[in-house]
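# Examining the three-dimensional arrangement
One letter stands for each residue in the lines below.
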Protein chains: 2
Amino acid sequence: MQIVLLSGGSGKRLWPLSNDVRSKQFLKIVRDERGGVESMVQRVYRQIMAAKLGAEITIATSITQVESIRNQLGDSVSIIVEPARRNTFPAIALASAYLFYEKKCSPDETVLVLPVDPYVDDGYFQTLRTLDEAVQADRADIILMGVQPTYPSEKYGYIIPEERGRLSRVLSFKEKPDTRTAQEFIARGGLWNCGVFAFRLSYLLEMIHTTTACSGYADVARQYTAFERTSFDYAVVEKARSVAVVPYRGEWKDLGTWNTLTEVMDAAPIGDVKLSEDCENTHVINELEIPVVVMGARNMVIAASPDGLLVADKVQSSYIKQYVENRDMRPMYEERAWGEYKVLDFAMSADGMKSLTKRKKIQRGKKIEYQSHKNRAEVITVISGKCIITINDRAHEAYAGDTYAIAEGIRHGLEAVTDTEVIEIQVGKELISDGTEPCEKGREIDI
Amino acid sequence: MQIVLLSGGSGKRLWPLSNDVRSKQFLKIVRDERGGVESMVQRVYRQIMAAKLGAEITIATSITQVESIRNQLGDSVSIIVEPARRNTFPAIALASAYLFYEKKCSPDETVLVLPVDPYVDDGYFQTLRTLDEAVQADRADIILMGVQPTYPSEKYGYIIPEERGRLSRVLSFKEKPDTRTAQEFIARGGLWNCGVFAFRLSYLLEMIHTTTACSGYADVARQYTAFERTSFDYAVVEKARSVAVVPYRGEWKDLGTWNTLTEVMDAAPIGDVKLSEDCENTHVINELEIPVVVMGARNMVIAASPDGLLVADKVQSSYIKQYVENRDMRPMYEERAWGEYKVLDFAMSADGMKSLTKRKKIQRGKKIEYQSHKNRAEVITVISGKCIITINDRAHEAYAGDTYAIAEGIRHGLEAVTDTEVIEIQVGKELISDGTEPCEKGREIDI
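Parameters at a glance
- Residues numbered from 1 in each chain as written.
- Chains lettered and ligands numbered in written order.
- Predicted model: local features only at pLDDT ≥ 70, side-chain atom pairs only at ≥ 80, totals over all residues.
- Heavy atoms only, no water.
- Helix = DSSP H or I, 4+ residues; strand = E, 2+ residues; numbered from the N terminus.
- Rg over C-alpha atoms; globule rule 2.2 N^0.38 Å.
- Buried < 20%, exposed > 50% of the residue type's maximum accessible area, 1.4 Å probe, protein only.
- Contact = heavy atoms within 4.5 Å.
- Areas by Shrake-Rupley, 256 points an atom, 1.4 Å probe, with all protein chains shown as cover.
- Lys, Arg positive; Asp, Glu negative; His and termini not counted.
- Charge placed at Lys NZ, Arg CZ, Asp CG, Glu CD.
- Buried area = accessible area lost by both parts, 1.4 Å probe.
- Salt bridge = Lys/Arg side-chain N within 4 Å of Asp/Glu carboxyl O.
- Polar contact = N/O pair within 3.5 Å; in protein donor to acceptor, adjacent residues only side chain to side chain.
- Nonpolar A, V, L, I, M, F, W, Y, C, P; charged D, E, K, R; others polar.
- Pairing = 2+ DSSP bridges.
- Axes fitted to C-alpha atoms, helices over the stretch in contact; angles between N-to-C directions.
- Expected span 1.5 Å × (residues − 1).
- Least-squares fit on C-alpha atoms with pLDDT ≥ 70 in both.
- Phe/Tyr/Trp six-rings, centres within 6.5 Å; stacked < 30°, edge-to-face > 60°.
- Lys NZ or Arg CZ within 6 Å of the ring centre and 35° of its normal.

## Side note on the overall build of chain A
The secondary structure content of chain A amounts to 10 helices and 29 strands. For 447 residues, the compact-globule estimate of 2.2 N^0.38 gives 22 Å, and chain A sits close to it at 24 Å. Principal-axis analysis of the C-alpha atoms gives chain A an extent of 70 × 60 × 40 Å. Here chain A holds 447 residues, and the buried ones make up 58% of them. For chain A, contacts bridging at least 24 residues in sequence account for 66% of all contacts bridging at least 6. Here chain A displays about 18,700 Å² of accessible surface, and carbon together with sulfur accounts for 47% of that area. Averaging the locations of the 56 positively and 64 negatively charged side chains of chain A gives two centres separated by 1 Å.

## With respect to the interface of chain A and chain B
Residue-level contacts link 60 residues of chain A with 60 residues of chain B. Of the roughly 4,500 Å² buried between chain A and chain B, counting both surfaces, carbon and sulfur atoms make up 68%. Summed over the shared surface of chain A and chain B, the result is 2 salt bridges. Among the ionic pairs, Arg359(A) bridges to Asp345(B), the shortest N-O distance being 2.9 Å. Summed over the shared surface of chain A and chain B, the number is 14 residue pairs in polar contact (both at pLDDT 80 or more). Counting residues per element, the side of chain A that touches chain B draws most heavily on strand β18 (residues 308–313) of chain A, at 6 residues. By residue class, the composition of the side of chain A that touches chain B is 36 nonpolar, 13 polar and 11 charged. When strand β16 (residues 292–295) of chain A meets strand β18 (residues 308–313) of chain B, the two strands line up parallel, connected through 4 bridges. Bridging from a neighbouring strand, Met295(A) pairs with Ala312(B) of β18(B).

## A word on the side chain of Glu424(A)
Residues and elements named next belong to chain A. Along the chain, the position of Glu-424 falls in strand β28 (residues 420–428). A polar atom in the side chain of Glu-424 sits 2.8 Å from the side chain of Lys-360. Setting aside its immediate chain neighbours within four residues, Glu-424 contacts Leu-356, Thr-357, Lys-358, Lys-360, Glu-378, Val-379 and Ile-380.

## Here we look at the pairing of strand β12 (residues 243–248) of chain B
Within a regular beta strand, the side chains point alternately toward one face of the sheet and then the other, so they alternate between its two faces. Residue and element names in this part refer to chain B. Most of β12 is tucked away: 6 of the 6 residues are buried. As defined by bridge partners, strand β8 (residues 142–147) adjoins β12 across 6 bridges and the pair is classed as parallel. What sits directly across from Val-147, in β12, is Tyr-248. The pairing of strand β10 (residues 168–174) with β12 spans 2 bridges and is antiparallel.

## A short note on the pattern of salt bridges
Here the structure, examined in full by the defined rule, presents 51 salt bridges over all chains. Across the pair Glu334(B) and Arg336(B) runs a salt bridge whose closest N-O atoms are separated by 3.5 Å. Taking the relative accessible area as the measure of exposure, Glu334(B) reaches 12% and is therefore buried. What you see here is one network of salt bridges that share partners, running through Glu289(A), Lys342(A), Arg359(A), Glu421(A) and Asp345(B).

## Focus on the sheet that holds β28(A)
In any sheet, the strands associate via hydrogen bonds between backbone groups, in a parallel or an antiparallel arrangement. Residue and element names in this part refer to chain A. Taken in spatial order, the 6 strands line up as β19-β20-β21-β28-β23-β26 in an open sheet, and their pairing is antiparallel. Unpaired on one side and paired on the other, β19 (333–336) and β26 (403–406) mark the two borders of the sheet. Across the sheet, the mean angle from the axis of one strand to that of its neighbour is 20 degrees, orientation sign disregarded. The sheet contact formed by β19 and strand β20 (residues 339–348) spans 4 bridges and is antiparallel. Within β20, the position partnered with Glu-334 by the bridge is Tyr-341. On top of the sheet, helix α2 (residues 63–73) reaches β19 and β20; it is set at about 65 degrees to β19, its chief contact.

## Regarding helix α3 (residues 88–102) of chain B
All names here are of chain B. With 15 residues, α3 should reach 21 Å at 1.5 Å per residue; the first-to-last C-alpha distance of 20 Å fits that figure. When you tally the buried positions in α3, you get 11 out of 15 residues, the bulk of the element. Among all positions in α3, only Phe-89, Pro-90, Ala-91, Ile-92, Ala-93, Leu-94, Ala-95, Ser-96, Ala-97, Tyr-98 and Leu-99 are buried. Lys-104 lies just past α3 and shows a positive phi near 60 degrees.

## A short note on the relation of the copies chain A and chain B
Between chain A and chain B, which share one sequence, the superposing operator has a rotation angle of 179 degrees and an axial displacement of 0.1 Å; the RMSD is 0.1 Å. Taken together, the turn and the small shift mark the pair as related by a two-fold rotation axis. Using C-alpha coordinates, one finds that chain A approaches the rotation axis most closely at Leu344(A), a distance of 2.8 Å. Taken as a fraction of all interface residues of chain A, those also at the interface in chain B reach 98%, which identifies the copy contact as same-surface.

## So, the packing of aromatic side chains
Residues and elements named next belong to chain A. Enumeration according to the criterion identifies 26 aromatic pairs over all chains in this entry. Consider the rings of Phe-89 and Phe-227, whose centres lie 6.1 Å apart with planes at 45 degrees: the pair is tilted. Of this pair, Phe-89 sits in helix α3 (residues 88–102) while Phe-227 sits in the loop between α7 (217–222) and α8 (232–235), and the two are 138 residues apart along the sequence. Side by side, Phe-89 and Phe-227 carry an identical accessibility label, which is buried. It is Arg-43 that lies over the ring of Tyr-119; its NZ or CZ is 3.8 Å from the centre. Positioned over the ring face of Tyr-341 is Lys-358, at 3.9 Å from the centre of the ring.

Geometric values such as these leave the question of function open.
What follows is the structure in structure tokens.
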């Protein structure tokens, strides 16, 4: 069984915690089993492991999320990088090509495609077994999971089954209905379409071969932008000869807004927060290193990150998009494969010189790749730990208090011997499109 | 006429904007005449100047406020530094000794003592003329200003006059009463004691000479800590042979809490703030460089500074003290005579090494004094402007991108040729009691 997790786009509906590189699935705000916090990606991954499905996991995502995934899940998952942001059909086609041509999976294997961020109970993952069995028993070309609706929602598509039960042929699909129609669908046993698909790998390979001229993973990747920007539902499910659905009757939540997210958060605030006793139904997340004091707040969500501060009535928070949409801020915090960084300061002088000051935490044993920058100088000051700083091929042991000023064009890299923190100051006319060049071919670079 | 402004203690009731070095009177949050914002110190100073009283101004304060006063008012006011924090009697005695022995004022001159932070209209300063005239006409030893009460407050002391009118003998003083008693006082013409005193300089000099063995400014300063910790009201006013009061019937506000402060603030938010249209009676002050978005807030005050974030119901905000009292944070922002700095980052490593990263803005023509530090190294990186950095007596012209690593014990100073910004990283075992030594005697030092 091959599980493909679709790790979708960034969004600003959970601003200031989510940003262009930090999608909501990476926010560590869901209470984990040991009283700590974890992200949705970590939760789903942990639940899949706990379900003991014997499945292998591949995550399909964009380049901007690779470092976050590596940071949160380590090296044990396969990642395929979508060459561009397209819809779910191209993403699943690419993943299928990867599984067959690169991972050499059998065409008979079941592929289970899931979104990476549903908030569900463990029964959801046990239900995947039923989908796998149905695929292997050839009950239909495509097997879907349908979520038992809890109210007549207008936000979701509905799957109408022929009969109620553990597995049923699908009679029809219905787009987002109005409330009255939704009530009818539910009366007929309708289920929410939650984006879970199962099929034999061979089914999708045939589809690729008949609809495109691709015949290999590299081929699909190269022609990726030519793929139709269409959903898997539209391109595959609605055109399949036979589709069946397996109902899931447990908890299922789409944590797309602050309002829904706070429903699954622990009442206890996260971070350095003091709440007065008269606060009611108020969730506070503080990712900054300065304290947040909240007094007399009711039904609010308060979130502080290096990107900004949100203070919102929970219901109003659904309309956040318009307030943050046109802000063109660079991300102030990012996870990287080597650790994480936070922007401490950004400044521009009257004569056009820009500066960016970051604190970087590099995990023990990890490296910031050897690189050089055409358009900016850097000053690196170690503030804790021990590391090796290599400059123009010469390695220097560095400790707290040591500083290296690196002029434009000079090759440099850093390897953390123990957990290391540095303050890095970039100064130059142009910091973003900065002429950074990796000094060894094919390595990722740090901008 | 000599005006002595008492610039009192720090407080945390306006946290996070006020802190141990930044008292509420220095917060730039009161709308000024040109649509900008100014601090209470700046407002009172501007109002005194506009009143054309022909008065000279001396500010009595503690060492921690000197740099803020210089930064906000420039060099035109005299500052006397209280050797320790005492009550108003020692502070006024020291100021009087300064005026006579150092400033060589005539003992016949009127001294007017005012708090530095009342929010009043211009009539208040015109009323000072009446106090001066009464002193010069020997109407009483001490002339007070009494504020016409607007409600039967339990927070203020009351002055009961013999008769209603422009100037009256004082019949009695009453401590903070309950509401019913306050109503009686008001019915009898009672006025609030607002801490404004006027007297002939000679009156206080005699008092100093009869109650202490001091005979000079240095003497008073040296014996300052031996002075009784008592208020001017108790030590002088209540014991005087004759006391009179001049009523002031204009606006008078004690901006001690967020709730009262927001009453005089413009509705428009300060800083990078977006308020949704459904916010009501909500004031937002953002001193950070990241955006604040507020949605659906009612009757709230939201304040963000490098010290922390407050989100509070306005009425509840009066109880803030308990939430911030035991926090022993270093100030994250300070004004200095040469400009200002902001702490960007503070970190401590496992082996006890500490680091502190600051962004400093040094005003054109200003200097950070020549100094050395026994216990810490510093790395200074210029990010904008042009300055002269002197290291071990050698001067270097420095521009954006230039870095100087300054080891422990090395003498260094900086002079801004144009407005200059630097990132300074301090690294060492001990940063606060850091063995900083000025390299020229008697100069202030920068820690």
